[in-house]
Number of protein chains: 4
Amino acid sequence: VISVGIIGGSGFTGAELLRLLAAHPGFEVVVTTGDSQAGSRVADLYPSLAGAYPTLPFVSIEEARDELAGVELVFLALPHGTSQSLIGQLPSSVRWIVDLSADFRLRDPSLYQRWYGEPHTAPEELPRFVYGLPELFRDEIVGASRVAAPGCYPTAATLALAPLVEAGLVKTSGLLVDAASGVSGAGRALKSTTAFCTVDEDFTAYGLLSHRHTPEMEQVLGRLAAGDAEVSLLFTPHLAPMNRGILATCYARPRVDVSTSSLLDCYRERYADEPFVVVSERSPSTKATLGSNSAHVTVRYDERTGWVVALCAIDNLVKGASGQAIQCANLITGQAEETGLSRIGVYP
Amino acid sequence: VISVGIIGGSGFTGAELLRLLAAHPGFEVVVTTGDSQAGSRVADLYPSLAGAYPTLPFVSIEEARDELAGVELVFLALPHGTSQSLIGQLPSSVRWIVDLSADFRLRDPSLYQRWYGEPHTAPEELPRFVYGLPELFRDEIVGASRVAAPGCYPTAATLALAPLVEAGLVKTSGLLVDAASGVSGAGRALKSTTAFCTVDEDFTAYGLLSHRHTPEMEQVLGRLAAGDAEVSLLFTPHLAPMNRGILATCYARPRVDVSTSSLLDCYRERYADEPFVVVSERSPSTKATLGSNSAHVTVRYDERTGWVVALCAIDNLVKGASGQAIQCANLITGQAEETGLSRIGVYP
Amino acid sequence: VISVGIIGGSGFTGAELLRLLAAHPGFEVVVTTGDSQAGSRVADLYPSLAGAYPTLPFVSIEEARDELAGVELVFLALPHGTSQSLIGQLPSSVRWIVDLSADFRLRDPSLYQRWYGEPHTAPEELPRFVYGLPELFRDEIVGASRVAAPGCYPTAATLALAPLVEAGLVKTSGLLVDAASGVSGAGRALKSTTAFCTVDEDFTAYGLLSHRHTPEMEQVLGRLAAGDAEVSLLFTPHLAPMNRGILATCYARPRVDVSTSSLLDCYRERYADEPFVVVSERSPSTKATLGSNSAHVTVRYDERTGWVVALCAIDNLVKGASGQAIQCANLITGQAEETGLSRIGVYP
Amino acid sequence: VISVGIIGGSGFTGAELLRLLAAHPGFEVVVTTGDSQAGSRVADLYPSLAGAYPTLPFVSIEEARDELAGVELVFLALPHGTSQSLIGQLPSSVRWIVDLSADFRLRDPSLYQRWYGEPHTAPEELPRFVYGLPELFRDEIVGASRVAAPGCYPTAATLALAPLVEAGLVKTSGLLVDAASGVSGAGRALKSTTAFCTVDEDFTAYGLLSHRHTPEMEQVLGRLAAGDAEVSLLFTPHLAPMNRGILATCYARPRVDVSTSSLLDCYRERYADEPFVVVSERSPSTKATLGSNSAHVTVRYDERTGWVVALCAIDNLVKGASGQAIQCANLITGQAEETGLSRIGVYP
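We now turn to the structure provided with this report. Everything numeric here is computed off the predicted structure, so don't read it as measured data.

**Re the interface of chain D and chain B**
- Contact with chain D, which involves 16 residues of that partner, is made by 16 residues of chain B.
- Between chain D and chain B, a total of about 1,300 Å² is buried, with carbon and sulfur atoms accounting for 70% of that surface.
- Linking chain D to chain B there are 0 salt bridges.
- Across the contact surface, chain D and chain B share 4 residue pairs in polar contact (both at pLDDT 80 or more).
- In the side of chain D that touches chain B, the residues fall into 9 nonpolar, 4 polar and 3 charged.

See below:
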């Protein structure tokens, strides 16, 4: 059993790590930090976790020094900007790092600066991280020691578009990703935009033209694109009145002759061996993925207008964050990829 | 006071007509039919209406004959296909007809057959109807006696795109309309797709490539398009876990030089005199329109990818159905356009 | 037209006053304060109100001095404790005050101190206020100049229990009020308890044994009780995942022979002339009251266990707050009681 | 591994059995019937289960004969009335039966007739069943071969009240159970009362005085009551706009001196060894139990009014149905009681 520390465990992705790791036979959480919640018990902030963590406290990063010193794997579940500054201070016992923030996802530090509005403070660390989307980059992840876990929207959008882009079936400029997310994607911090009375019975777009997951999608698809084609993509996120779930509805123009059935065949083949990807003719529903690490995918070609539409549904906190982080942790530590993760959603 | 009959009053759009007409000084509901509910009182099926209609019953269309004989204006709130077969049987007292179904929206009966899967049975009536979107076709509506009230999605999509298309700012082929609706848009009939446990905490696309509001959008935009440009459009509807509201997020490619500020100016000018259209830089939220006849609109141009994004939020049962029907009824009967309609939403 | 000022207009009850007064022919809002929002426009904080208040700003109480000086009626929509300290500073032009806070509801200032945890700072004002529940105390309200508008829960609970208590049908000690409220009852201020991800898909009790509306219910029922019977009551509020609505389910023991039909008759008679009370055998639903000033009431007697159950549903922001405040304002200014208020809910 | 059949697997409790059994190491589902869905695949009706059951079909009970013939344990997830008529036809291979319906819960068949409106057709089977609430009747369940799994409301209400009744701390006549449930408790069948537009943003009571879980609560508490005290209880269920969860708020009068702290001590002691009961001072929230088999409990004594209030939150489909059925199945087959069940909720 590998001893695990969670840095930033009091947010939603931290709590989801705690939930999933409680049932994981290969990892044992020995310490969890949560600076703003230091001193309170996990079970008080998250009564849902009381059954598994009756006494575990959140501690400050300082208080965690001793316990961290014996830890082999660390999950960083911190706001962007914080992982960069913290990473140099982790003890030498830490063999594996899985970072859930945006800090080590973009390979080009100037992209980070442009979209996040501040310079990257540890650009020298960037080459040491692999991008943790196993369905697309498994070979790189196996054997790595540092993983940048993908953003929630990029996970859904790139799983929807990857088979098209890899096979060179669509034009890679002017792609459109129109997506909706549940509210947990915005984190636990109090904001007027995520107050119940703001969100309930509302549907709205936000971050028009400027959402930070845009360059991440472009980078991933750019790496997949045949012949180094340039990728440009407009991403419009929406907020839906629900706790969890992302649906990405993606639009592309074909480069070659396609049909709905040929595209479905292509997707089925591409994801045939993927335990967490369900390809189907059904229009995917976020609810079918709730609590699971699965991604549900479909695709269509509209002969009338010449558009390809690809859709992917995930649970933003599992496949879009903590579940995928554990999937990567399994891979880098040599465990079976599915360990501790469910393919089945909690429904209804 | 003009005497009014509602045919098909037991569905959601019928009930919304009853709600709005209760506060309308110029119309008086004297009879409402509802075949499946005949014999039950409005107040029993809709306790929300008990305060205004304590005794009014739903009657069958046969039982309504006598009362209809004295009615001057009729709202038809029926499923598609039914208005066509009924319209020839209305008594001669009926001077004005506002039809909320899809039956008289498409000018070309072959389009009706293609998208609705059955031949139109009263094609000779089509030329007698005007399309009831006052912000786009007010001149036609004033003075008309028969109005085909628009569909909910076409109302949102065309109000979002109209300024672009009218001014020739965008290419009209390959337009994209990605929209989400609350569940009331699916009507009151029981379906597994609108059961609470299906919809709650879910976000999903439906009717991929094939939603019947597609040709209606193309027809409206085609009429607005400068120089008879062809319009083709892909429409992807989604179901959001809320009672009411539609947000249409629309994408187009510019034909000329544009910027976000020039586009916003264009929209402000276009809708300057419209009492029910609010143009703003804010990203529109469906919740702000709840219960009102308002449409909230904004627009952006993304220099990076070359896409124009236009958004419109409405209440699907008001501006998207019964409110707009009353707005048209006001116009055709010579009343002030805003009578009985609110510009303000119920919030939160 | 009477000129009106709203003090504390940026909270939910303030915004609801703005919504309702926009359609009121007898009142005109000339100024609205909102200290924390001073400088922003009503339409920016509440886009739902953009159609009626495109330019009206929230101003600080200091900036409002001049405009308040000409105002005849003031609504105070402030947190408890604030109305007390402000009331002495209102200009002499103000002939009528309707306070929506808890400050002037409890006649006995020691009760205020016990339940609100601080001494009342203007006890001399208490006798000048009448309690603004027209269905129970209309005679006092007509002709008054200062009204303490009731709390949301006390409105629902006392309308449910009043016919029983007035007629001496039940024992007045050991009454139980078990109620659930939508989230808007907790106000607009950010709290972790009203974040979307806390509330959505959750049902929980709060304020066990200690909710401040308890003594208000006891006071009202004590005034109604035949023969000065003592009233004691346990109140358990719950939070339901919805924006609006309160359902109070109340339990009492009969003092005399009763039956469900005799109780329903008693309720129908008691509320026969009340425009905003709907008595029915139907189990009341909060949704039927949404946006309206109506209260839906029913009652049962369980022969098996000897319990009387009385239920009342209201919209907490309308009949439970701003609508009732306007109902009272109508009465004290000599207008028709129903002016500007709807008996019909927005459904679905 | 014990081979398992599910009879009536297409409803919500059946689907929840499939979800939980997919991760259970000791049971293997070999057949699942679902008469109304016969011929369709589990993955089509429940895409959430596609990852674990890609090909398993629902079959009719007739088609299942052969496969049932080799099954050792059967879960019956049928509507009430159906288990009775079916139970005689199960093959002799079936050693264990866990029935999730109401058919074998009430020991007195005349009670069944009174509350369910029809005579019991297999009263001779009643003595062969034990009541499957392990926290209260574990000794009976271990070693039994037939289990009647409790109703969802009785599970929450009796876990809340049991420590009080067992210890003789409260009067057992005139108990009150006021509870709210998520919509999944009403099952998958289409009804207007569970349509999204009926339930969303609504809170309402139903089944006033007459809910069928009432005699079940009285029976359980009657068995626990010291000295054969009579138990009478009024139960008022409410419907809350959420998928899952029950909160029972229960009221009783003390027989002896009590205090909140003495009551909390009593609960902590009573449930000290129970893996699925969390006793806490916190007011329990249904959301903390979502997807888990846990029950969260607290208790208070109100000195002011003399009422004891006890609260319990569960997930109605897990601890209130399928999870508890598996907990019992574990006990009767000699497996560890917690196998395949989670103590942790999915949050948010």
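Further notes follow.
**Regarding the sheet that holds strand β13 (residues 307-314) of chain A**
Residue and element names in this part refer to chain A.
- Overall, mixed pairing links the 7 strands, which are arranged β8-β9-β7-β10-β13-β12-β11 in an open sheet. Edge positions in the sheet fall to β8 (204-205) and β11 (277-279), since each has one partner strand and no second.
- One ladder, built from 6 bridges, connects strand β7 (residues 175-181) with strand β10 (residues 246-252); its direction is antiparallel. Of the residues in β10, the one forming a bridge with L176 is Y251.
- Contacts from helix α9 (residues 213-224) reach β7 and β9 (233-239), with the element oriented near 135° to β9.

**Some details on the packing of helix α1 (residues 12-21) of chain C against helix α11 (residues 318-332) of chain C**
Residues and elements named next belong to chain C.
- Between α1 and α11, the least distance of the axes is 9 Å, while the angle of their chain directions is 50°. The angle between α1 and α11 falls in the class oblique. Every pair of crossing elements has a handedness; the one defined by α1 and α11 is right-handed. Here T13, E16, L17, R19, L20 and L21 of α1 lie close against α11, whose contacting residues are V318, A321, S322, G323, A325 and I326.
- In terms of residue class, the contact of α1 with α11 is built from 7 nonpolar, 3 polar and 2 charged.

**Examining the pairing of strand β13 (residues 307-314) of chain C**
Residues and elements named next belong to chain C.
- Counting buried positions along β13 gives 8 out of 8 residues, so the element sits mostly inside the fold.
- Taking every second residue as pointing to the same face, both faces of β13 are buried, with W307, V309, L311 and A313 on one and V308, A310, C312 and I314 on the other.
- Relative to β13, strand β10 (residues 246-252) runs antiparallel, the two sharing 7 bridges. In the sheet register, A248 faces β13, and the bridge partner there is C312.
- Connecting the antiparallel pair strand β12 (residues 295-302) and β13 is a turn made up of 4 residues, with G306 showing a positive phi of about 80°.

**Points about the environment of V147 of chain B**
Residues and elements named next belong to chain B.
- If you trace the backbone, V147 turns up in strand β6 (residues 146-148).
- With 104 residues separating them in the primary sequence, V147 and Y251 have C-alpha atoms 29 Å apart.
- Residues in contact with V147, not counting those within four places in the same chain, are I97, V98, D99, F129, V130, G132, I141, C328 and I332.

**Quick notes on the relation of the copies chain A and chain B**
- Laying chain A over chain B is done by rotating through 180° and shifting 0.0 Å along the axis; what remains is an RMSD of 0.0 Å. Accordingly, the operation relating the two chain copies is best matched by a two-fold axis.
- Residue by residue, 100% of the interface of chain A is reproduced at the interface of chain B, so both copies engage with the same surface.

**Thoughts on the interface of chain A and chain B**
- On the chain B side, the residues contacting the 49 residues of chain A number 50 residues.
- Taking both partners together, chain A and chain B bury about 3,900 Å²; carbon and sulfur atoms supply 57% of that area.
- There are 2 salt bridges connecting chain A and chain B.
- Across the pair R304 of chain B and E218 of chain A runs a salt bridge whose closest N-O atoms are separated by 2.9 Å.

**With respect to the relation of the copies chain D and chain B**
- Superposition record for chain D on chain B: RMSD 0.0 Å, screw rotation 180°, translation along axis 0.0 Å.
- Of all interface residues in chain D, 100% are interface residues in chain B too; the two copies therefore contact each other through one and the same surface.

**Quick notes on unusual backbone geometry**
- Cis geometry marks the peptide bond from Y347 of chain A to P348 of chain A; its omega dihedral reads 0°.
- Counting through the fold element by element, P348 of chain A comes out in the segment after α11 (318-332).
- Phi is positive for E201 of chain B, which is not a glycine, with a value near 65°.
- One can find E201 of chain B in the loop between α8 (196-199) and β8 (204-205).

**Quick look at the environment of Y271 of chain D**
All names here are of chain D.
- Locating Y271 in the fold gives a position in the loop between α10 (260-270) and β11 (277-279).
- Considering only alpha carbons, one finds Y271 and L56, 215 residues apart in sequence, at a separation of 39 Å.
- A polar side-chain atom of Y271 sits 2.6 Å from the main-chain carbonyl oxygen of L159.

**Quick word on the side chain of E135 of chain A**
All names here are of chain A.
- Checked against the element boundaries, E135 lands in helix α6 (residues 134-141).
- E135 sits in the buried class, given a relative accessible area of 3%.
- Among the polar contacts made by the side chain of E135, one reaches the side chain of K319 at a distance of 2.8 Å.
- Setting aside chain neighbours within four positions, we find E135 in contact with L159, R270, E274, F276, V277, K319, Q324 and Q327.

**Comments concerning the pattern of salt bridges**
- As enumerated under the stated definition, the model contains 71 salt bridges over all chains in all.
- Salt-bridge contacts for E274 of chain A lead to R138 of chain A; the nearest nitrogen and oxygen are separated by 2.7 Å. Residue E274 of chain A is located in the loop between α10 (260-270) and β11, and its partner R138 of chain A is located in helix α6; the two are separated by 136 residues in the primary sequence.
- What makes E274 of chain A buried here is its relative accessible area of 9%.
- R268 of chain C is the salt-bridge partner of D265 of chain C, the closest N and O atoms lying 3.9 Å from each other. Of this pair, D265 of chain C and R268 of chain C both sit in helix α10 (residues 260-270), 3 residues apart, which is roughly one turn of the helix.
- A relative accessible area of 48% places D265 of chain C in the partly exposed class.
- Salt bridges sharing partners connect three or more residues here, namely E16, R19, R244 and D315 of chain A.

**Details of the pairing of strand β3 (residues 73-76) of chain C**
Residues and elements named next belong to chain C.
- Covered by surrounding structure in β3 are L73 and F75 together with V74 and L76, the residues of both alternating faces.
- As paired strands, strand β1 (residues 2-7) and β3 are joined by 4 bridges and run parallel to one another. Bridged to V4 within β3 is L73.
- When β3 meets strand β4 (residues 96-99), the two strands line up parallel, connected through 4 bridges. Note on β4: the bridge partner recorded for F75 is V98.

**Observations concerning the sheet that holds strand β6 (residues 146-148) of chain A**
All names here are of chain A.
- Strand order in this open sheet of 6 strands is β2-β1-β3-β4-β6-β5, and the pairing throughout is parallel. Strands with a single pairing partner mark the edges of an open sheet, and in this sheet they are β2 (27-33) and β5 (130-131).
- Of the strand pairs in this sheet, β5 and β6 are connected by 2 bridges, and their pairing is parallel. Across the sheet, residue Y131 finds its bridge partner in β6, namely A148.
- Against the sheet, helix α1 (residues 12-21) contacts β1 (2-7), β2 and β3 (73-76), and its axis sits at roughly 160° relative to β1.

**Re the environment of D273 of chain B**
Residue and element names in this part refer to chain B.
- Looking at where D273 falls in the secondary structure, it is placed in the loop between α10 (260-270) and β11 (277-279).
- The class for D273 is exposed, based on a relative accessible area of 73%.
- Distance from D273 to V74, taken between C-alpha atoms, is 29 Å for residues 199 residues apart in sequence.

**Details of the side chain of H213 of chain B**
Residue and element names in this part refer to chain B.
- Within the element layout of this structure, H213 appears in helix α9 (residues 213-224).
- Judged by its relative accessible area of 11%, H213 falls in the buried class.
- Not counting the four nearest positions on each side in its chain, H213 is found in contact with R105, G151, C152, Y153, P154 and F235.

About the cut-offs
- Residue positions are counted from 1 within each chain, in the order its sequence is given.
- All chains are assigned letters beginning with A, and all ligands numbers beginning with 1, in the order in which they are written.
- The model is predicted, so local features are restricted to residues of pLDDT at least 70 and side-chain atom pairs to those at 80 or more, both for listing and for counting; the totals for chains, interfaces and linings are taken over all residues.
- No hydrogens and no water enter the side-chain calculation; it runs on all heavy atoms of the structure.
- Here, residues are in contact when the closest pair of their heavy atoms is within 4.5 Å.
- A quick way to say it: buried area is the sum, across both parts, of accessible area lost when two parts are put together, with a 1.4 Å probe.
- Any carboxyl oxygen of Asp or Glu that lies within 4 Å of a side-chain nitrogen of Lys or Arg is treated as forming a salt bridge with it.
- Distance and chemistry together define a polar contact, namely a pair of N or O atoms within 3.5 Å, with one atom able to donate a hydrogen and the other to accept it when in protein, and with adjacent residues in sequence counting only for side-chain atoms on both sides.
- All residues other than Ala, Val, Leu, Ile, Met, Phe, Trp, Tyr, Cys, Pro, Asp, Glu, Lys and Arg, Gly among them, are scored as polar; the first ten of these are nonpolar and the last four charged.
- By the convention used here, strands pair only if DSSP detects at least 2 bridges between them.
- Each helix corresponds to a stretch of at least 4 residues labelled H or I by DSSP, and each strand to a stretch of at least 2 residues labelled E; elements are numbered beginning at the N terminus.
- Between N-to-C directions, angles cover 0 to 180 degrees, with each direction set by a line fitted to C-alpha atoms, over the stretch in contact for helices.
- Here roughly perpendicular refers to angles of 65 to 115 degrees, roughly parallel to angles under 35, roughly antiparallel to angles over 145, and oblique to all remaining angles.
- Here a crossing is taken to be left-handed if its near helix is turned anticlockwise relative to the far helix by less than a right angle, and right-handed if that turn runs clockwise.
- Three exposure classes are used, based on accessible area relative to the maximum for each residue type with a 1.4 Å probe and protein chains only: buried under 20%, partly exposed in between, and exposed over 50%.
- Least-squares fitting of one copy onto the other uses the C-alpha atoms of those residues that reach a pLDDT of at least 70 in both copies.

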